[in-house]
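Each chain, letter by letter, is given below.
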Amino acid sequence: MSIYFPSRLLAGSAALILVAGSVLAQTGVKIGYALAPNSHYGVAAEKWDEVVTAETDGKFDFKHFPSSGLGGEREVIEGLQIGTVEATIVSSGTLANFVPETGVFDIPFLFRDLDHARGVLDGPIGAEILAKFDNVGLHALAWGEQGFRHITNNRNPISTPEDVKGLKIRTMENPVHLKAFNTLGAAPTPMAWPEVISSLQQGVIDGQENPLSVIVSVKLDEVQKYLTLSGHVYSPAMLLVSKPFWDGLSDADKAAFEKGATEAVVAMRGFVDDVETDGVATLKERGMEVGELSTEEKAAFQQAVQGAYESYYDMYDKDLIERIIAAE
Ligand code: PAF
């Protein structure tokens with residue numbers, strides 16, 4: 001495995017390695033992701049690489065581009081479509097621009113807890129949506145995870161919907177999230193992730209929202225004062241490869257990539273479980289002021305976004321939304 005940081009962007013696509021005295025041609029796999037190696041994306045990418053390498057006797061040479069080294073998530077997915085990037089792990093941020101149905105999982109307060117979300121994504125509904133990526137130049141191997149999203153900001157502590165009124169909050173480039181924050185009366189700005197930290201530093205935005213896995217690994221405490229454990233929406237992730245790349249693989253190689261993706265998701269969820277356990281204490285130690293919405297306060301937020309549901313029912317099949325809510 002090689003790690004390329006943004007300043008060292010010069011990957012070739014094939015290499016030769018010497019194994020037991022014979023020369024073996026290696027196929028390069030550029031894998032891009034938004035977060036650092038010591039994040040849930042980093043551990044998943046490393047596991048994916050490790051399993052594929054073991055299963056194929058080193059036939060593939062993964063070149064890692066962490067920390068948005070290949071650009072924002074939308075750019076990386078477009079790279080997969082045209083075959084300039086082979087693999088990625090991304091949030092659901094821009095996925096609905098490629099497969100609109102993906103956005104159904106971004107509806108606020110849809111999932112009760114991590115088990116509910118994992119059960120739906122690993123079941124027939126999740127599989128149905130993964131299969132749609134083959135129609136748009138991509139091949140989706142598995143649903144990963146970031147955790148539930150929480151709000152951070154520099155303006156004020158948040159415990160009621162009133163507290164987010166007029167808050168300049170960055171959202172992902174995702175119509176479902178944008179609708180929710182507009183409905184709450186905030187002033188949301190959709191923005192690609194690589195611009196977020198500097199926009200927070202310059203005060204262009206007051207806040208952002210992301211799961212603990214991101215808040216801790218990116219050290220958002222360095223640029224944000226308040227953390228509100230709102231858990232307003234579950235944040236899935238996805239392991240994707242380029243369709244042109246996928247179509248060129250043998251069945252055995254495809255099986256290796258599938259096995260690697262399955263194990264990567266286990267590693268990723270393990271990382272999320274750990275950070276859900278100790279992330280709040282870490283952020284408090286680093287000086288963040290942390291507040292958790294009580295059940296009643298959360299219910300008030302749920303009530304305040306109800307108005308957005310009518311447009312969600314226009315965007316997505318109401319039966320599908322109800323099937324997800326009813327899933328055990
Ligand atoms: O907020 C986002 O855009 C995503 O959650 C992030 C941090 C890029 C991880 O995919």
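One can find the structure itself at the top, above this paragraph.
Residues numbered from 1 in each chain as written. Predicted model: local features only at pLDDT ≥ 70, side-chain atom pairs only at ≥ 80, totals over all residues. Heavy atoms only, no water.

A. Examining the nonpolar core more closely. Counting residues in each nonpolar core, the largest one holds 49 residues, and the members touching the most others are Val104, Phe105, Ile107, Phe111, Phe133, Leu240 and Ile324. The dominant element in this core, judged by the number of residues it contributes, is strand β6 (residues 138–153), at five residues. Beyond its immediate sequence surroundings of up to four residues, Ile324 is in contact with Val104, Phe105, Leu110, Phe111, His116, Val120 and Ile125. Of all hydrophobic cores here, the second largest spans 44 residues; its members include Tyr33, Phe62, Leu227 and Ala261. (Core = buried A, V, L, I, M, F, W, Y, C linked by side-chain atoms within 4.5 Å. Buried < 20%, exposed > 50% of the residue type's maximum accessible area, 1.4 Å probe, protein only. Helix = DSSP H or I, 4+ residues; strand = E, 2+ residues; numbered from the N terminus. Contact = heavy atoms within 4.5 Å.)

B. Up close: the site of the ligand. What surrounds the ligand is the set Ala34, Tyr41, Glu73, Ser91, Gln146, Arg149, Arg170, Met172, Trp193, Asn210 and Val214. In the model, an oxygen atom of the ligand is placed 2.6 Å from a nitrogen or oxygen of the Tyr41 side chain. Protein coverage of the free-state accessible area of the ligand, which is 280 Å², stands at 98%. In the shell around the ligand, the residues fall into five nonpolar, three polar and three charged. (Near = heavy atom within 4 Å. Polar contact = N/O pair within 3.5 Å; in protein donor to acceptor, adjacent residues only side chain to side chain. Areas by Shrake-Rupley, 256 points an atom, 1.4 Å probe, with all protein chains shown as cover. Nonpolar A, V, L, I, M, F, W, Y, C, P; charged D, E, K, R; others polar.)

C. The arrangement of the packing of helix α5 (residues 175–183) against helix α11 (residues 306–315) in detail. At their nearest, the axes of α5 and α11 sit 9 Å apart, and the two run at 160° to each other. One element, α5, and the other, α11, form an angle in the roughly antiparallel class. Viewed along their axes, α5 and α11 form a crossing whose handedness is right-handed. Here α5 contributes Pro175, Val176, Lys179, Ala180 and Thr183 to the contact with α11, which in turn contributes Gly307, Ala308, Ser311, Tyr312 and Met315. Of the residues contributing to the contact of α5 with α11, the split by class is six nonpolar, three polar and one charged. (Axes fitted to C-alpha atoms, helices over the stretch in contact; angles between N-to-C directions. Parallel < 35°, antiparallel > 145°, perpendicular 65-115°, else oblique. Left-handed = near helix turned anticlockwise from the far one by under 90°.)

D. Layout of the packing of helix α1 (residues 40–55) against helix α9 (residues 251–285). It is at 8 Å that the axes of α1 and α9 come closest, and there the two elements cross at 150°. In terms of axis orientation, α1 runs roughly antiparallel to α9. Judged by the sense of rotation from one axis to the other, the crossing of α1 with α9 is right-handed. On α9, the residues touching His40, Tyr41, Val43, Ala44, Lys47, Trp48, Val51, Val52 and Glu55 of α1 are Ala256, Phe257, Lys259, Gly260, Ala261, Glu263, Ala264, Ala267, Met268, Phe271 and Val272.

E. Region of interest: α9. Taking 1.5 Å as the rise per residue, α9 with 35 residues should run 51 Å; its terminal C-alpha atoms sit 49 Å apart, in good agreement. Along α9, the helix axis deviates most sharply at Asp278, where the bend reaches about 50°. Positioned one or two residues after α9, Gly287 has a phi angle of 105°, which is positive. (Expected span 1.5 Å × (residues − 1). Bend = angle between axes of the 7 residues up to and from the residue.)

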